[in-house]
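# Geometric and topological summary
Each chain, written out:
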Amino acid sequence: MKSKSLKVNLVTGRSLVQGRLKEQGKLSEDYLNNVACCELNQDDLNALGIAKGQNVKISTDSGSVVVKASIGTQALEKGMAFMPYGPWAEFLVDPKTHSTGMPTYKGINATISPAMKEKVLTIEEIIEIIRSK
Amino acid sequence: MSSKIFQDIICTVCGCCCDNLEIEIKDGNISRAKNACAMSLGKLMNFNKERNEFPMVRNGDKLSKASLSEAIDKAANILADSKYPILYGWSLTSCEAIELGVELADCIGGVMDNTTGTCHGPGIIGIQDVGESTCTLGEVKHRADLIIYWGANPVHAHPNHMMRYSALSKGRFRATRKDRNVITVDVRMTDTAKISDSFIQIEPNKDYELLSAITATVKDLELEQDKVAGVPLEEIENLADIMVNCEFGIIFFGLGITMSLGKSRNIDMALSLVRELNKRTKFLIMPMRGHFNVTGANQVTAWQTGYPFAVDLSKGFPLYNPGDTSAVDILMRDECDAALVVASDPISNFPNQAARNLAKIPLITIDPHVTLTTLCSEVVIPSAHVGIETEGSIYRMDGVVLEARKFIEPPNGIVSDVEILQNLLNRVKKISK
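Residues numbered from 1 in each chain as written. Chains lettered and ligands numbered in written order. Predicted model: local features only at pLDDT ≥ 70, side-chain atom pairs only at ≥ 80, totals over all residues.

With that out of the way, let us pick up the overall build of chain B. Counting its regular elements, chain B contains 18 helices and 21 strands. The C-alpha radius of gyration of chain B comes to 23 Å, within 12% of the 22 Å expected for a compact globule of 433 residues. In terms of overall dimensions, chain B has a C-alpha envelope of 65 × 55 × 35 Å along the principal axes. Taking all 433 residues of chain B together, the buried fraction comes to 58%. When contacts within chain B are restricted to residue pairs at least 6 apart in sequence, those whose partners lie at least 24 apart make up 69%. (Helix = DSSP H or I, 4+ residues; strand = E, 2+ residues; numbered from the N terminus. Rg over C-alpha atoms; globule rule 2.2 N^0.38 Å. Buried ≥ 20, exposed ≤ 12 C-beta atoms within 10 Å, placed from the backbone. Contact = placed C-beta atoms within 7 Å.)

As C-alpha cells, this is what we get:
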C-alpha cells in the first residue's frame, strides 16, 4: 500500500516553551521533547492516520527530518505546519537568502508522511551529522 | 542564611530589556525573580546549568581542558593564520565586547556579522531603502491608540511587551485597555491574536501583496480584486480606515514578515505604508528585536564601520553587501577558513548545510553555555553572563541604551567577554607584528 503523505506550508518560529528551554539548556530531554516536534491541524493528523505524539517525517527541497507530531495551543489552518526554531527545523530551512542574508525560515513547501518506525535524532546524533566530513 | 535583594535589574533575554526585575540572592544563588516573564525565569533560574566550566581545546575527537592563556593562544593563532575568517554572533553580549570584535575583525581582515542576518536583517535593508518613522517604547505606552502586531507573536517571543509598553500598559494619555485598538496580522490565530481586538488572517508569503493593497486603499485608490492575500476587500478597507483615523498608530513587525518570501521588500512596503499614513495622521513602525542586544550589535557595528551587519573588512575597508558578505551566504559558498563565534549558537540556528560548513573549519566559541556550537568547536572559552555576572551597555529594541548590571559573582576563573576579547586582540596583534 502506498504510504499516506500530505503537502503542507511549513512555518518555523519561536514558541514560549522553546524560548524558555533554549535559556535552560539545549542538551536536556525537555528541549528534545518540546523542540523536535511539528504542530499540525487535527484534520491533517487524521488524514495521515496518526495520533499526536507519533513520529512524522517532514521533507523539503533542502532536506528531511523525523520529529514528533503535536497539536499546538495556537490554532493552525489545514495545510499548515509549525516547528519551533532549533536544530531539527534547520534540516528543512531553505538556505537561499535572496540577496538579504536571511534564509527562508517561513512559508516553506514541505511534505509530511507518517514515520512511526523511524526515530527522532538526538542532539548527539545531530552533532555527529554536522561534524561528519 | 544571607540574602540580598537587588532592585531595577535589567533582564537580558529579549529585546524588551525589561528594567524592573527584583532579584533575591540567597547563599550565592538567585532564589526569587519578581516581574520576570517565563523566558526570563528560564534564564535566571538556570543560568548555571550546562555551563562551560573551563577553557577547552580540541584534541582529536575530544575537547580537553586547557588554561585560559593556552586557549587564547590557540584561538589567536587560528585567527592570525586565516585568510577569510567570520566573526559572528554578538547579540547576547555587551556593546563594549562588540566594539572589541569590530577592532579584531579589522585587525585580521575578517567579516563582522551578527545574528541580525537571521532575524531583522531584511528590516534593516528596508529601512536603508525607505527610511523609518519611529519612536521610543515610552511614547507607545503613553500615546498609542492603535497597535498592530504584524507577523509578531509577543505573547510567546516578548512576553512582557504588551504589559509594559503596548496594549496592556497604563499610559499617561491611554490609561486602560479600552483606550487602545489592538490588531494582529498573522498566518494563524496566535495567542497574541486571541487577546487582540481583531485578527486578520493572511496567506503565507503574501505580506507584500496585503501591505500594497492597504497602501493603495489609504491613497484612496480602488482595488479591482475581491480578496488580496486571502483577506476580503471589505476587511482591507476597514483596516485602512482604522489606520487613517487613529491619533497615534504603530506597527510592531516580527519575523513573520522578515523571514517570509519577499523579505526586505516586505519591509519596504510596510515602511512605505507608514510614510503614506503620516500624510494623514501620526504613524510609526518598529521591529520586535529578539535578543537583548541585537540592536546594540547593529548600532556599534554601524558607528564603527558605517554598516550595521555583514561587514567585510578583508579588503582593508568596510564592504557591505548582504547576500554576499553575510555569514550564511559565505558559509553556503564555503569560502571562509576560520570562525569566531561570540555569544551565539549558529550550529543550532543556521540552515543545516551552512552549519555543516561552519563545523568543517577551525571554530572558536566564546559562550557561557554548552551549545551545539561549542561542541563542534576547536577552541571553547567560557564567559560570564552579561547582566548577571558582569556589567555592560545594551540597546533596547527602540534604541534606548541601558546599563546592564552585575549582581552575582561569576564562577571561579570565568571572565567577561570584554576581558577575553581584549586578551585575544592583544595576542593577535603580537603575532601579526
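Next comes the rest of the description.
Moving on to the pairing of strand β18 (residues 363–366) of chain B. Residues and elements named next belong to chain B. Alternating residues of β18 divide into L363 and T365 and I364 and I366, and every residue in both groups is buried. As judged from the four bridges shared by strand β17 (residues 338–342) and β18, these two strands associate in the parallel manner. Bridged to L340 within β18 is I364. (Pairing = 2+ DSSP bridges.)

This part is about unusual backbone geometry. A positive phi angle, close to 60°, is found at S99(A), a residue other than glycine. Considering the arrangement of structural elements, one finds S99(A) in the loop between β5 (80–84) and β6 (108–114). Although it is not a glycine, N35(B) sits at a positive phi angle of roughly 70°. Tracing the backbone through its elements, the reader meets N35(B) in the loop between β3 (29–34) and α1 (38–44). For N35(B), a count of 17 C-beta atoms within 10 Å gives the class partly exposed.

If you look at the interface, chain A gives 44 residues, while chain B gives 55 residues. Mapped by element, the contributors of at least two residues to the side of chain A that touches chain B are β1 (6–13), α1 (16–24) and α4 (123–131) of chain A. If you tally residues by element for the side of chain A that touches chain B, the top one is α1(A), at six residues. When grouped by side-chain class, the residues that make up the side of chain A that touches chain B number 18 nonpolar, 17 polar and nine charged. (Nonpolar A, V, L, I, M, F, W, Y, C, P; charged D, E, K, R; others polar.)

Among soluble globular proteins, nonpolar side chains are generally buried collectively. One finds I148(B), I250(B) and A270(B) to be the most contacted residues of the largest nonpolar core, which totals 181 residues. Apart from residues lying up to four places away in sequence, A270(B) is in contact with W150(B), L211(B), I251(B), F253(B), I257(B) and I285(B). (Core = buried A, V, L, I, M, F, W, Y, C linked by C-beta atoms within 7 Å.)

The next thing to look at is helix α16 (residues 352–360) of chain B. Note that an α-helix has 3.6 residues per turn; residues three or four places apart therefore point the same way. Counting buried positions along α16(B) gives seven out of nine residues, so the element sits mostly inside the fold. For α16(B), the full list of buried residues reads N352(B), Q353(B), A354(B), A355(B), N357(B), L358(B) and A359(B). Where the residues of α16(B) are buried, they touch α4 of chain A together with α14 (327–332), β17, α15 (346–349) and β18 of chain B.

This part covers the confidence of the model for chain B. With 100% of its residues at a pLDDT of 70 or more, chain B has an overall mean of 96. Across the whole predicted complex the pTM is 0.95, and at the interface the ipTM reaches 0.94. (pLDDT = per-residue confidence, 0-100.)

Turning to helix α4 (residues 121–130) of chain B, a few remarks are in order. Residue and element names in this part refer to chain B. Every buried residue belonging to α4 is among G121, P122, G123, I124, I125 and G126, and all of these are buried. Looking at the buried positions of α4, the neighbouring elements they touch are β13 (248–253), α11 (255–258), α12 (264–277), β14 (282–287) and α13 (294–305). Looking one or two places after α4, you find G131, whose phi comes out positive at around 95°.

Okay, the sheet that holds β3(B) next. Sheet strands pair via backbone hydrogen bonds, and the direction of the pair is either parallel or antiparallel. Residue and element names in this part refer to chain B. The three strands are arranged β1-β2-β3 in an open sheet whose pairing can be described as antiparallel. Looking at which strands have only one partner, the edges of the open sheet turn out to be β1 (3–9) and β3. Pairwise comparison of adjacent strand axes, ignoring direction, gives a mean angle of 20° for this sheet. Bridge analysis of strand β2 (residues 21–26) against β3 gives five bridges, and the strand direction is antiparallel. The partner of E24 across the bridge, within β3, is R32. (Axes fitted to C-alpha atoms, helices over the stretch in contact; angles between N-to-C directions.)

Moving on, we come to the domain arrangement of chain B. Residue and element names in this part refer to chain B. Each assigned domain of chain B is listed with its residue range as follows: domain 1 (3–44), domain 2 (56–118 + 292–432) and domain 3 (121–287). Placing a centre on the C-alpha atoms of domain 2 and another on those of domain 3 gives a separation of 34 Å. Tallying the contact residues gives nine residues for domain 2 and seven residues for domain 3. (Domains from an automatic or database assignment.)

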